[in-house]
Structures are given as C-alpha cells and as structure tokens.
Amino acid sequence: MSERFDIYDEALTHIGTKSRAAVHRDGDWHQVFHCWVVGRDAQGEFVILQKRGPAQDAYPGKVDISAAGHLVAGETVVDGVRELHEELGLRVNFDELRSLGRRVGIARADGLIDRQICHVFLYRCDQPLRDYTFAADEIDGLLKLRLDDGLRLLSGEVASVPAAALGLGVDEVTLTRADFIESIDNYVFKALLLAKRYLQGETLLYV
C-alpha cells in the first residue's frame with residue numbers, strides 16, 4: 001500500500017491527505033524530518049552524510065543529509081526521530097535533538113515537484129564511522145566529512161575534498177560539489193556552518 005502524506009496550504013493549514021506519488025506529482029506542501037549528525041574526534045569536527053541508493057525516486061546516488069524522511073499521514077515531527085534508527089542504527093530520544101527550526105524546500109527533479117516544510121535538527125554523536133549500521137536497501141553507504149573541508153568545498157574555495165567512507169568498498173572517497181543535491185538556498189553549506197557553530201558552543205542557531 002502506498003504511503004499517504006498530510007498535505008497543507010502555504011499557511012501550513014491541513015487540507016487533506018494524498019498518496020506519496022500524487023503529492024510529488026502535484027507539488028503539494030508536505031512535512032519532512034531532517035537530522036544532521038555531527039561530532040568531534042581527535043582530528044576535529046565532522047558530519048555524517050549518506051550516499052543515496054540507486055533505487056531512490058529522487059536524486060539517486062547523491063550525497064545527502066545524515067537521516068531524513070517524510071512524515072506520513074497522522075504523524076508529528078516527534079515521530080521523525082525513527083529515521084535515525086531506521087537509516088543509521090541510532091536509538092535517539094527526540095529531546096536529545098537540537099532544533100534548527102523549519103526550512104521551506106522547493107525543487108523539481110526527476111519528474112517530481114517537491115514542496116517541503118522541513119523540520120531541521122542537529123544530533124551530536126562522536127562514535128566512529130565503523131560503528132554505524134545503515135539501511136542498505138535505501139543507502140549505498142555513509143561518509144564522514146570534516147566540517148572545515150565541507151565548508152571550503154561548498155563555498156567554492158576548493159574543487160574537491162576527501163571523506164572517510166563506510167559500505168562503499170573503499171575507506172575514502174573524493175567529493176566535489178556535483179556530488180551534493182543542489183538547492184537554491186545553499187542549504188547544505190548553511191547546515192554545516194550551523195553545525196560548526198553548535199559544536200563550538202553557540203546557542204542562537206536557526207536555519
């Protein structure tokens with residue numbers, strides 16, 4: 001049975017439900033959960049990213065948020081925390097997340113019209129990359145990217161950077177800007193910048 005999503009107007013007033021396919025066909029506003037997993041080790045600050053699997057209906061093979069997913073009909077943002085367990089093997093309580101507020105996401109790709117209200121969070125986890133277990137049916141593998149490297153790459157300062165890899169058959173890959181999902185608001189750059197500020201102790205953080 002196809003997933004059904006709650007759909008909304010531009011004022012976030014609930015106006016009904018639709019199947020996943022119909023929501024993406026018609027460009028209806030719907031809610032999603034995003035969580036950026038970040039941490040610090042002996043080499044410095046990092047973010048965990050996922051490489052989307054080839055069967056994903058949008059952006060197959062692209063580098064993406066640590067854990068993310070749609071809220072299905074009847075769910076609230078608190079339910080989104082399940083994505084951390086399903087995709088990364090992390091058991092996390094919702095109150096352990098640091099909210100970065102909401103982001104409006106608008107994109108058209110691969111025949112889909114995607115209009116999202118994104119609930120964005122950070123979660124600190126310092127565990128080694130090798131200790132993650134990822135959802136191999138959805139994700140090709142995981143990457144551990146140094147925040148400073150990511151910021152230099154996405155600001156255009158450098159053309160490529162290294163990232164440690166899990167599940168991709170190699171210990172390290174080279175990333176370019178083309179590996180990431182494009183957005184009109186430089187979302188990934190902003191998220192990494194907020195992650196760096198968060199790990200340095202700042203508290204006034206909103207996407």
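Cut-offs used in this document
Throughout this document, residue positions are counted from 1 along each chain, in the order its sequence is written. Residue-level local features of this predicted model are given only where pLDDT is at least 70; pairs of side-chain atoms are given and counted only at 80 or more, and the full residue set underlies all totals for whole chains, interfaces and linings. Working from all heavy atoms in the structure, the side-chain values ignore hydrogens and water. For every residue, the accessible area (1.4 Å probe, protein chains only) is compared with the maximum for its type, and the residue is labelled buried under 20%, exposed over 50%, or partly exposed between those bounds. Under the scheme used here, helices are H or I runs from DSSP no shorter than 4 residues and strands are E runs no shorter than 2 residues, and both carry numbers assigned from the N terminus. DSSP calls a pair of strands paired once it identifies at least 2 bridges connecting them. We call two residues contacting when some pair of their heavy atoms lies within 4.5 Å. Grid spacing is 1 Å over the protein atoms alone, the probe is 1.4 Å, and a cavity is where that probe fits but cannot get out, while a pocket is an open set with protein on both sides within 12 Å along at least five of seven lines and lining residues have an atom within 4 Å of a point. Grid points are joined across faces, edges and corners, and a volume is the space filled by probe spheres set on the points. Under the scheme applied, nonpolar residues are Ala, Val, Leu, Ile, Met, Phe, Trp, Tyr, Cys and Pro; charged residues are Asp, Glu, Lys and Arg; polar residues are all the others, including Gly. What counts as a salt bridge is simple: a side-chain nitrogen of Lys or Arg found within 4 Å of a carboxyl oxygen of Asp or Glu.

Participant: Any chance you could explain the pairing of strand S1 (residues 4–8) here in plain terms?
Facilitator: Put simply, side chains in a regular strand alternate between the two faces of the sheet. For S1, a buried count of 4 out of 5 residues is recorded, marking the element as mostly surrounded by other parts of the structure. The sheet contact formed by S1 and strand S2 (residues 14–19) spans 5 bridges and is antiparallel. By the bridge assignment for S2, Ile7 is matched with Gly16. Linkage of S1 to S2, two consecutive antiparallel strands, is achieved through a turn of 5 residues, within which Leu12 is found at a positive phi near 65 degrees.

Participant: Would you take a moment to explain the environment of Ala164 for this structure?
Facilitator: Tracing the backbone through its elements, the reader meets Ala164 in strand S10 (residues 161–166). Taking C-alpha positions, Ala164 is 9.1 Å from Arg146, a pair spaced 18 residues apart along the chain. If sequence neighbours within four positions are ignored, Ala164 has contacts with Leu129, Leu142, Leu143, Lys144, Asp171 and Glu172.

Participant: Is there a simple way to think about the layout of surface pockets in this case?
Facilitator: Over the atoms, a rolled probe matching the size of one water molecule traces out where space is still vacant. Taken as a whole, the largest pocket encloses approximately 960 Å³ of empty space. Around the largest pocket, the lining is made up of 46 residues, and of these His34, Arg52, Asp64, Ala68 and Gln116 lie nearest the centre. If one sorts the elements of the lining of the largest pocket by residue count, strand S7 (residues 98–109) sits on top with 7 residues. A class-by-class count of the residues in the lining of the largest pocket yields 22 nonpolar, 9 polar and 15 charged. For the second largest pocket, the calculated volume is near 180 Å³. Around the second largest pocket, the lining residues are Leu154, Arg177, Phe180, Ile181, Glu182, Ser183, Asn186, Tyr187, Val188 and Phe189. When residues in the lining of the second largest pocket are grouped by element, the largest group, 3 residues, is from helix H4 (residues 187–199). Here the residues of the lining of the second largest pocket sort into 6 nonpolar, 2 polar and 2 charged.

Participant: Before we go on, may I ask you to explain the pattern of salt bridges in this structure?
Facilitator: When the charged atoms of two side chains with opposite charge come close together, those side chains can pair. Per the counting criterion, the structure on display carries 18 salt bridges. Note that Asp140 and Lys51 form a salt bridge whose closest N and O atoms lie 3.9 Å from each other. Taken together, the residues span a long stretch of sequence, with Asp140 in strand S9 (residues 139–146) and Lys51 in strand S4 (residues 44–52) at a distance of 89 residues. In this structure Asp140 comes out as partly exposed when scored by relative accessible area, which is 30%. The partly exposed category is assigned to Lys51, whose relative accessible area is 26%. For Arg82, the salt bridge is made with Glu75, and the minimal N-O distance between the two is 2.6 Å.

Participant: In this structure, what is going on with the environment of Asp171? I would like to understand it.
Facilitator: Residue placement: Asp171 occurs in the loop between S10 and strand S11 (172–175). A C-alpha to C-alpha distance of 33 Å links Asp171 and Asp95, two positions 76 residues apart in sequence. With residues up to four places along the chain from it excluded, the contact list for Asp171 reads Ala163, Ala164 and Ala165.

Any link to function would need more than the numbers given here.
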